[in-house]
Amino acid sequence: MVMRAAVYPGSFDPVTNGHLDVIERALKIFDKIIVAVGDNPGKKPLFSTQERIEMLKESTKGMKNVEVDSFLGLLLDYVKKKNSKVIIRGLRAVSDFDFEFQRALLNRVADGDIETVFIMTKENYVYLNSSIVKEIAMFHGRVNGLVPKIVEEKLREKFGE
Ligand code: PNS
């Protein structure tokens with residue numbers, strides 16, 4: 001049987017319940033999801049790659065067939081290295097579209113064998129992203145229900161009670 005693995009890349013700085021929802025949905029379509037922490041040159045991360053990996057591992061430990069990893073350099077090279085042909089990205093609102101469309105097309109021009117598959121997040125998480133979570137935590141607002149417990153703790157360590 002052919003094992004279909006898909007790569008779900010992102011900054012995951014930090015992982016939110018929206019990301020976890022996308023992973024769960026992707027697991028219904030693919031045999032294995034490789035969650036890959038990468039660096040977006042446009043963003044300065046709050047958490048180190050190691051911290052982001054740890055939070056992802058802890059929050060996906062109850063899910064079968066999820067691997068958490070990180071990559072440096074081009075996403076396409078990493079996807080090929082993992083013998084996968086699929087990139088998963090979550091889509092929330094129209095505001096995500098320009099960014100995602102450009103990248104999916106550029107990746108397709110560079111390698112026509114690799115497809116980007118978009119997964120729509122649950123309605124409840126449409127407004128949610130890592131940046132807003134960090135902003136709320138920075139000003140000591142409540143982030144419960146938006147992120148897994150381990151992320152709540154890590155944010156508290158960073159910003160205090
Ligand atoms: O969660 P993000 O910040 O939207 O994730 C963006 C990420 C890390 C997936 C993206 O910046 C990326 O793919 N970086 C690696 C460099 C690369 O391959 N860029 C693609 C140019 S088409």
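Residues numbered from 1 in each chain as written. Predicted model: local features only at pLDDT ≥ 70, side-chain atom pairs only at ≥ 80, totals over all residues. Heavy atoms only, no water.

Student: Describe helix α6 (residues 149–159), naming the residues involved and giving the relevant values.
Tutor: Among the residues of α6, V151, E152, K154 and L155 are the ones counted as buried. All buried residues of α6 project into a common sector of 165° when viewed along the axis, lining one side. For α6, exposure combined with an orientation more than 90 degrees from the buried face picks out K149 and E157. Elements in contact with the buried residues of α6: α2 (49–59) and α5 (130–138). Backbone geometry just downstream of α6 places G160 in the positive-phi region, at approximately 80°. (Buried < 20%, exposed > 50% of the residue type's maximum accessible area, 1.4 Å probe, protein only. Helix = DSSP H or I, 4+ residues; strand = E, 2+ residues; numbered from the N terminus. Arc of directions from axis to C-beta. Contact = heavy atoms within 4.5 Å.)

Student: Give a description of the pattern of salt bridges that names residues and reports values.
Tutor: Summed over all chains, the structure comprises 13 salt bridges. In this structure, E67 engages K32 in a salt bridge whose closest nitrogen and oxygen atoms are separated by 2.7 Å. Of this pair, E67 sits in strand β3 (residues 66–70) while K32 sits in strand β2 (residues 32–37), and the two are 35 residues apart along the sequence. For E67, a relative accessible area of 22% translates into the label partly exposed. Across the pair K158 and E51 runs a salt bridge whose closest N-O atoms are separated by 3.5 Å. One end of the pair, K158, is in helix α6; the other, E51, is in helix α2, with 107 residues separating them in the sequence. One salt-bridge network, held together by shared partners, links K32, E67, D69 and K82. (Salt bridge = Lys/Arg side-chain N within 4 Å of Asp/Glu carboxyl O.)

Student: Describe α2, naming the residues involved and giving the relevant values.
Tutor: Restricting attention to buried positions, one finds in α2 the residues E51, R52, I53, M55, L56 and S59. Against the buried residues of α2 lie α1 (17–27), β2, β3 and α6.

Student: Got a sec to walk through the packing of α2 against α6? Specific residues and values, please.
Tutor: Where α2 contacts α6, the axes come no closer than 9 Å and their chain directions differ by 150°. As the angle between them shows, α2 and α6 are arranged roughly antiparallel. Contact residues: α2 offers E51, E54, M55, E58 and S59, while α6 offers I150, V151, K154 and K158. Residues belonging to the contact of α2 with α6 are distributed by class as follows: 3 nonpolar, 1 polar and 5 charged. (Axes fitted to C-alpha atoms, helices over the stretch in contact; angles between N-to-C directions. Parallel < 35°, antiparallel > 145°, perpendicular 65-115°, else oblique. Nonpolar A, V, L, I, M, F, W, Y, C, P; charged D, E, K, R; others polar.)

Student: Lay out the site of the ligand in plain terms, naming residues and giving numbers.
Tutor: If you check the shell around the ligand, you find 15 residues, and the closest are S11, N40, K43, L75 and R89. Between the ligand and S11, the relevant distance is 2.5 Å, taken from an oxygen atom to a side-chain nitrogen or oxygen of the residue. Separating an oxygen atom of the ligand from a side-chain N or O atom of K43 is a distance of 2.7 Å. Burial of the ligand by the protein chains amounts to 83% of its free accessible area of 560 Å². Of all the secondary structure elements, the ones that give two or more residues to the shell around the ligand are β1 (5–10) and α4 (97–110). Split by residue class, the shell around the ligand holds 5 nonpolar, 6 polar and 4 charged. (Near = heavy atom within 4 Å. Polar contact = N/O pair within 3.5 Å; in protein donor to acceptor, adjacent residues only side chain to side chain. Areas by Shrake-Rupley, 256 points an atom, 1.4 Å probe, with all protein chains shown as cover.)

Student: I'd like to hear about the environment of F30, residue by residue, with values.
Tutor: In this fold, F30 is placed in the loop between α1 and β2. Residue class for F30 comes out buried when judged on its relative accessible area of 9%. Ignoring sequence-local partners within four residues, the contact set of F30 consists of R4, A6, V86, I88 and V117.

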